[in-house]
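The residues making up each chain are set out below.
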Amino acid sequence: MRNRHSFLSLLALAFLLQSCKTDSPNNPYLGLEPPDSIPKLFAPSVVNTDAIEINTVFNASFTELFFTRIMGGRFVIHHSELIEDNWTAPRPIQMFADQEANSVAIDPSITQDGNTMYFLGISPEDRAKNAKPDIYRSQKINGIWQIASKVGYPVSTDEYAESYPVVVADGSIYFTSDRPGSLGKRDIYRVQYLGGGKFDTPANIGPEVNSEKNERSTYVSPDESFLITGNTQTDEKGFAVSFKKDNKWQTPVYFNFGASLLKDWIYFCPYMSPDGKYFFFSRRYSDPPESGWKGATKGEVYWVNASGIFNLKGK
């Protein structure tokens, strides 16, 4: 009976993967029907399952998809690849030497060439010490993602938290940190890439976006013309968008992404598809709500048509 159940499970998975075959180069989203102005759950049974999943992103060429899944308390980045017009089954990427140890690999961001990934990481050794998160980097060599290493100082530090890295077109990184010089609990910083894996001194992006509140997960467009962050400008939960004008970030403006926000759910991980058409976000429920990740019982990824966001540019 168990063998029959396993066979049926494999058959169901094969059917789901076949349904992810792309019909044309103009529809790279696992062959899914795109959403309109109402958010839809992204890739049910493939990305979104009964487990906790968050933060779906693509590489710039739409040939690789990434997201994070919680497995036995570990935060593990998974990926699927487009090979001969078919998306492979999502599988975990080994980021630390001890794959089974308790660790965190979350919030991936991919360089424009698709060969370098930055992510929020806590190694097994650091997690055993309840250390704060740092920024890690993995290289893709001969088609294989390599064991990651911590991006050194002045990006990562021993005493402060660094999180939510977003790499832009020139290789520079935006991230959040509670280091000295922050206006609030955590601020958004930009660090210029110097080449050869080296970075300049991080700079606070300024009071137009940062505040005395806790700035949360942020997306920055590759050309750095706009960013989307957790809304702290008004009492409304959700997200806000800031456009750059005369090389200066403007005050973020709250936007409605087409859905009522559910009470006690946390909304985070904003992301814009590489073609600029769709806005992705994640949401998490914890029981009780104040228990954070320790009490998380559900994590989901949604997507929605992004046209409404850009209607705010002239306002």
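Residues numbered from 1 in each chain as written. Predicted model: local features only at pLDDT ≥ 70, side-chain atom pairs only at ≥ 80, totals over all residues. Heavy atoms only, no water.

K.L.:
Can you lay out the overall build of the protein for me, pointing to particular residues and giving the numbers?
P.N.:
Looking only at helices and strands, the protein features three helices and 25 strands. Taken across its 315 residues, the protein has 50% of its residues classed as buried. Looking at the protein alone, contacts between residues at least 24 apart form 45% of all its contacts between residues at least 6 apart. Here the protein displays about 15,300 Å² of accessible surface, and carbon together with sulfur accounts for 51% of that area. (Helix = DSSP H or I, 4+ residues; strand = E, 2+ residues; numbered from the N terminus. Buried < 20%, exposed > 50% of the residue type's maximum accessible area, 1.4 Å probe, protein only. Contact = heavy atoms within 4.5 Å. Areas by Shrake-Rupley, 256 points an atom, 1.4 Å probe, with all protein chains shown as cover.)

K.L.:
Describe the side chain of Ser109, with residues and values.
P.N.:
Relative to the helices and strands, Ser109 resides in strand E7 (residues 104–110). A distance of 3.0 Å separates the side chain of Ser109 from the backbone nitrogen of Val167, its partner in a polar contact. Setting aside chain neighbours within four positions, we find Ser109 in contact with Thr116, Met117, Tyr118, Pro165, Val166 and Val167. (Polar contact = N/O pair within 3.5 Å; in protein donor to acceptor, adjacent residues only side chain to side chain.)

K.L.:
Pulling in residues and values, what's your account of the confidence of the model for the protein?
P.N.:
Chain-level statistics for the protein give a pLDDT mean of 89 and a share of 90% at 70 or above. Across residues 1–26, confidence stays below pLDDT 50; counting only partners more than four residues off in sequence or on other chains, it has 21 contacts. (pLDDT = per-residue confidence, 0-100.)

K.L.:
Describe the environment of Pro165, and please don't skip the residues or the numbers.
P.N.:
As for its position among the elements, Pro165 is in strand E12 (residues 162–167). For Pro165, a relative accessible area of 3% puts it in the buried group.

K.L.:
Could you give me a rundown of the sheet that holds E12, with the residues and numbers involved?
P.N.:
Spatially, E12-E13-E14-E17 is the arrangement adopted by the four strands of the open sheet, whose pairing is antiparallel. Unpaired on one side and paired on the other, E12 and strand E17 (203–204) mark the two borders of the sheet. Sheet analysis places strand E14 (residues 187–191) next to E17, joined by two bridges and oriented antiparallel. Counterpart to Arg190 in the pairing with E17 is Ala203. (Pairing = 2+ DSSP bridges.)

K.L.:
Let's hear about the packing of aromatic side chains: which residues, and what values?
P.N.:
Taken as a whole, this structure holds 37 aromatic pairs when the rule is applied. Taking 5.8 Å as the distance between ring centres and 55 degrees as the angle between the ring planes, the aromatic pair formed by Phe239 and Phe257 counts as tilted. Here Phe239 is found in strand E20 (residues 239–245), whereas its partner Phe257 is found in the loop between strand E22 (253–255) and strand E23 (265–272), with 18 residues between them in sequence. Residue class for Phe257 comes out buried when judged on its relative accessible area of 6%. A ring pair is formed by Phe257 and Tyr267, whose centres lie 6.2 Å apart and whose planes are at 45 degrees; its orientation type is tilted. Placement of Phe257 in the loop between E22 and E23 and of Tyr267 in strand E23 is noted, with a sequence separation of ten residues between them. (Phe/Tyr/Trp six-rings, centres within 6.5 Å; stacked < 30°, edge-to-face > 60°.)

K.L.:
Account for unusual backbone geometry, with residues named and values stated.
P.N.:
For the peptide bond that leads from Tyr153 to Pro154, omega is 15 degrees, which places it in the cis range. For Pro154, the position within the fold is in the loop between strand E11 (149–150) and E12. Of note, the phi angle at Glu84 is positive, near 50 degrees, even though the residue is not glycine. Its identity as a non-glycine residue notwithstanding, Asp107 has a phi of 60 degrees, on the positive side. Along the chain, the position of Asp107 falls in strand E7.

K.L.:
Hey, could you go over the sheet that holds strand E25 (residues 296–305) for me, with residue numbers and the actual values?
P.N.:
In sheet architecture, strand pairing relies on hydrogen bonds along the backbone and comes in two forms, parallel and antiparallel. On the basis of which strands lie adjacent, the open sheet formed by four strands has the order E1-E25-E24-E23 and antiparallel pairing. With partners counted over all chains shown, the strands left at the sheet margins are strand E1 (40–41) and E23, one partner each. Inspection of the sheet shows E23 paired to strand E24 (residues 278–286) by six bridges, in the antiparallel sense. Note that in E24 the partner of Ile266 across the bridge is Arg284.

K.L.:
Got a sec to walk through the pattern of salt bridges? Specific residues and values, please.
P.N.:
What the rule picks out here adds up to 14 salt bridges. Between Asp126 and Lys129 there is a salt bridge, with its nearest N and O atoms 3.7 Å apart. Given the relative accessible area of 13%, Asp126 is considered buried. (Salt bridge = Lys/Arg side-chain N within 4 Å of Asp/Glu carboxyl O.)

K.L.:
Tell me about the side chain of Thr218, and please be specific about residues and values.
P.N.:
Assignment of secondary structure puts Thr218 in strand E18 (residues 218–220). Owing to a relative accessible area of 8%, Thr218 belongs among the buried residues under this scheme. Setting aside its immediate chain neighbours within four residues, Thr218 contacts Val166, Ile188, Leu227, Ile228, Thr229 and Pro270.

K.L.:
Which residues make up the nonpolar core, and what values go with them?
P.N.:
Judged by nonpolar contacts, the single largest core of 46 residues is most densely connected at Phe42, Phe58, Met117, Phe119, Ile228, Phe279 and Phe280. Dropping the residues within four chain positions of it, Ile228 is found in contact with Ser217, Thr218, Tyr219, Phe239, Ala240, Val241, Phe255, Pro270, Met272, Phe279 and Ile309. With eleven residues, the next largest nonpolar core counts Ile54, Ile70, Leu120 and Cys269 among its residues. (Core = buried A, V, L, I, M, F, W, Y, C linked by side-chain atoms within 4.5 Å.)

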